[in-house]
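Survey of secondary and tertiary structure
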Amino acid sequence: MSSSSDKDTQTLDKNGQEITSVGFQRFGFDCEVALDVLRSLYLRSHYVVSASESQVQELDAKEEGHGCLTQGPNAYQSKSIFHPDTQSISYTTLSRFAPVKLLPSSSRKRILVTGGAGFVGSHLVDRLMLLGHEVTVLDNFFTGSKTTVSHWVGHPNFELVRHDVVEPFMIECDQIYHLACPASPPHYQFNAVKTIKTSFMGTLNMLGLAKRTKARFLISSTSEVYGDPEVHPQPEDYWGHVNPIGPRACYDEGKRVAETLTYGFHHQDGVDVRVARIFNTYGPRMNPHDGRVVSNFIVQALRGEDMTVYGDGKQTRSFQYIHDLIDGLIALMNSDESRPVNIGNSDEFTIGEFAELVREIVEKVQEEDGIKLERRVQIVYKPIPTDDPQKRRPDTTRAKNSLGWQPRWSVRMGLEEMVRYYKAKISEGSM
């Protein structure tokens, strides 16, 4: 396998500097983690594709293409065995947990993560676990999946609870990351009333818990609170331009009222709150069927299908990589900033340009892995959905000034890692 110093496996940030770790030491909270250790939790195969014991030892010497970005032993990977002849898998609990920091009790926090089995939540859980904190995940698995956090089940610092946040929940904790809510249009429109209930009742219950335990509370809000904006880029003091009765209103207005509720508890009851307005985020563990533009493009291109662009492709989006978002969430939680903060990447693409970039990166990865294409994937255009915003780009001045945070990952580097993740899933047969 190539070493981390080899040019083809280096991960470079926007300034051309190699990224070897994520996180930082700021606000009295150390959240720095080696990138290789973090990648080992999501970029490797989930099972050994053989009943041969020797292959477990050989995996480091001969890793499949999708694992070329990771280094280090396979000691932390599941020893489950896949039987290709019968398309069955033999699961086992015989796997070693990734090493976590050993913190003194005075530094170790009890952290509750609602929606912790989802895309963003699972990456946050990985980071908090590796840092040595005690983490409890609350999830009803409507859009989340046990597999995203299964590598921590049984760890003494970890607890997974199947629970719907619209019902009260009692626990002792120091910090609450409230991420629970379906976030992609097909999921939040599936049951619009339940989406609104989750945004309001779920936030009400978690704020009540924060009030009782005196825990610091962070809610993951969204750029959707700005609707189809008339101001560009969008600063935090922009009130938004939202259709309150449109097909996206259950999510947009749900998050707006959740923010209102959060500041109601802050002003009335003194609850210590943080509000993160998250812009478009992509990365490994995104549900490939959730209708989001990044996952749609990558999966279509990997399968040799034509890539679907809705509208004329001139609407713009900004995309941030998941590790940058987790850095931002942890920075906000541990800072003194109680105003809403945009967390996103200000690099703006038209959807048409982004489709071409994804196609280029998929072709690059397939070429590196020796896959010959029968034909080049084409980009096709279809009618645009109702109330789809024409422009979306964050003004991240507040995050830069208050948190010392700005995105490090280039869109290209993040996309390549995500392409390899989906390629691994397809080769496993799990997607």
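Computed from a predicted model, the values in this text were never measured in an experiment.

Notes on the overall build of the protein chain
Tallying secondary structure elements over the protein chain gives 11 helices and 19 strands in all. Every one of the 431 residues in the protein chain was classed for burial, and the buried ones make up 54%. Across the protein chain, the fraction of contacts at a sequence separation of at least 24, relative to all contacts at a separation of at least 6, is 78%. Roughly 18900 Å² of accessible area belongs to the protein chain as shown, and the carbon and sulfur atoms make up 50% of that amount.

Notes on the sheet that holds strand S9 (residues 158-162)
Reading across the sheet, the 7 strands line up as S9-S8-S7-S10-S11-S12-S17 and stay open at both edges, with parallel pairing between neighbours. Pairing within the sheet leaves two strands with one partner each, and these edge strands are S9 and strand S17 (340-343). If you compare each strand with its neighbour and ignore which way they point, the axes differ by 20 degrees on average. Sheet topology note: the strand S11 (residues 216-222)/strand S12 (residues 273-278) ladder contains 6 bridges and is parallel. Opposite Ile219, over in S12, you have Val275 as the bridge partner. Taken strand by strand, helix H3 (residues 119-130) contacts strand S7 (110-114), strand S8 (134-139), S9 and strand S10 (175-178), and its axis lies near 170 degrees from that of S7. Against the sheet, helix H5 (residues 192-213) contacts S7, S8, S10, S11 and S12, and its axis sits at roughly 175 degrees relative to S10.

Quick notes on the packing of helix H7 (residues 293-302) against helix H9 (residues 351-368)
Running from N to C, H7 and H9 point in directions that differ by 40 degrees, and their axes come no closer than 9 Å. Our classification of the angle between H7 and H9 gives oblique. In the packing of H7 onto H9, the handedness of the crossing is right-handed. Counted together, Val293, Val294, Phe297, Ile298, Ala301 and Leu302 of H7 and Ile351, Phe354, Ala355, Val358, Val362 and Gln366 of H9 form the full contact between these two elements.

Here we look at helix H6 (residues 249-269)
The terminal C-alpha atoms of H6, which comprises 21 residues, lie 29 Å apart, in line with the 30 Å expected from a rise of 1.5 Å per residue. At its buried positions, H6 is contacted by helix H4 (185-188), H5, S11, S12 and S17. Directly after H6, the chain includes Gly270, whose backbone phi takes a positive value near 75 degrees.

A look at the pattern of salt bridges
Scanning all chains against the criterion turns up 26 salt bridges. With a closest N to O distance of 2.9 Å, Glu360 and Arg412 form a salt bridge. Here Glu360 is found in helix H9, whereas its partner Arg412 is found in helix H11 (residues 411-428), with 52 residues between them in sequence. For Arg412, a relative accessible area of 38% puts it in the partly exposed group. The network of salt bridges with common partners includes Lys364, Glu368, Asp369, Glu416, Arg420 and Lys423.

Let's talk about the environment of Ile196
The residue Ile196 is located in helix H5 in this model. For Ile196, a relative accessible area of 41% puts it in the partly exposed group. Placed 56 residues apart in sequence, Ile196 and Asp252 show a C-alpha to C-alpha distance of 9.2 Å.

A word on the packing of H3 against helix H8 (residues 322-334)
As a packed pair, H3 and H8 sit with axes 10 Å apart at the nearest point and diverge in direction by 65 degrees. Considering their axes alone, H3 and H8 lie roughly perpendicular with respect to each other. Once H3 is placed against H8, the crossing between them reads as right-handed. Counted together, Phe119, Val120, His123, Leu124, Arg127 and Leu128 of H3 and Ile322, His323, Leu325, Ile326, Asp327, Leu329 and Ile330 of H8 form the full contact between these two elements. Of the residues assigned to the contact of H3 with H8, the class counts are 9 nonpolar, 2 polar and 2 charged.

Comments concerning the side chain of Asn205
Topologically, Asn205 is positioned in helix H5. Polar contacts involving the side chain of Asn205 include one to the main-chain carbonyl oxygen of Val165, which spans 2.8 Å.

Points about the nonpolar core
Core analysis: the largest hydrophobic core is formed by 78 residues, its most contacted members being Tyr177, Leu329 and Leu415. Aside from chain neighbours lying at most four places away, what touches Leu415 is Tyr282, Val294, Ile298, Phe354, Leu357, Val358 and Ile361. Counting 23 residues, the second-largest nonpolar core is a separate cluster that includes Leu138, Leu209, Phe217 and Val275.

A short note on the pairing of S11
Most of S11 sits out of view: 7 of its 7 residues are buried. Of the two faces of S11, the one carrying Arg216, Leu218, Ser220 and Thr222 and the one carrying Phe217, Ile219 and Ser221 are both buried. For S10 and S11, the ladder comprises 4 bridges, and the chain directions are parallel. Each residue of the ladder has a partner; that of Ile176, found in S11, is Phe217. Chirality of the crossover, the property in question, places the unit of S11, H6 and S12 among those that are right-handed.

A word on the packing of aromatic side chains
Applying the stated criterion across every chain, the model contains 8 aromatic pairs. Ring plane angle 15 degrees and centroid distance 4.1 Å describe the contact between Phe319 and Phe354, whose orientation is recorded as stacked. Of this pair, Phe319 sits in the loop between strand S15 (316-318) and strand S16 (320-321) while Phe354 sits in helix H9; the two residues are 35 residues apart in sequence, bridging distant segments of the chain. In this structure Phe319 comes out as buried when scored by relative accessible area, which is 1%. Plain terms: the ring middles of Tyr421 and Tyr422 are 5.6 Å apart, the flat faces sit at 50 degrees to each other, and that makes the pair tilted. A residue is classified by how much of its surface remains accessible, and Tyr421, at 8% relative accessible area, is buried. Members of the aromatic cluster, connected to one another through ring pairs, are Phe297, Phe319, Phe349 and Phe354. Between the NZ or CZ atom of Arg26 and the centre of the ring of Phe24, over which it lies, the distance is 4.3 Å.

Each value, and the rule that gives it
- Residues numbered from 1 in each chain as written.
- Predicted model: local features only at pLDDT ≥ 70, side-chain atom pairs only at ≥ 80, totals over all residues.
- Heavy atoms only, no water.
- Helix = DSSP H or I, 4+ residues; strand = E, 2+ residues; numbered from the N terminus.
- Buried < 20%, exposed > 50% of the residue type's maximum accessible area, 1.4 Å probe, protein only.
- Contact = heavy atoms within 4.5 Å.
- Areas by Shrake-Rupley, 256 points an atom, 1.4 Å probe, with all protein chains shown as cover.
- Pairing = 2+ DSSP bridges.
- Axes fitted to C-alpha atoms, helices over the stretch in contact; angles between N-to-C directions.
- Parallel < 35°, antiparallel > 145°, perpendicular 65-115°, else oblique.
- Left-handed = near helix turned anticlockwise from the far one by under 90°.
- Expected span 1.5 Å × (residues − 1).
- Salt bridge = Lys/Arg side-chain N within 4 Å of Asp/Glu carboxyl O.
- Nonpolar A, V, L, I, M, F, W, Y, C, P; charged D, E, K, R; others polar.
- Polar contact = N/O pair within 3.5 Å; in protein donor to acceptor, adjacent residues only side chain to side chain.
- Core = buried A, V, L, I, M, F, W, Y, C linked by side-chain atoms within 4.5 Å.
- Right-handed = clockwise from strand over helix to strand, strands pointing away.
- Phe/Tyr/Trp six-rings, centres within 6.5 Å; stacked < 30°, edge-to-face > 60°.
- Lys NZ or Arg CZ within 6 Å of the ring centre and 35° of its normal.

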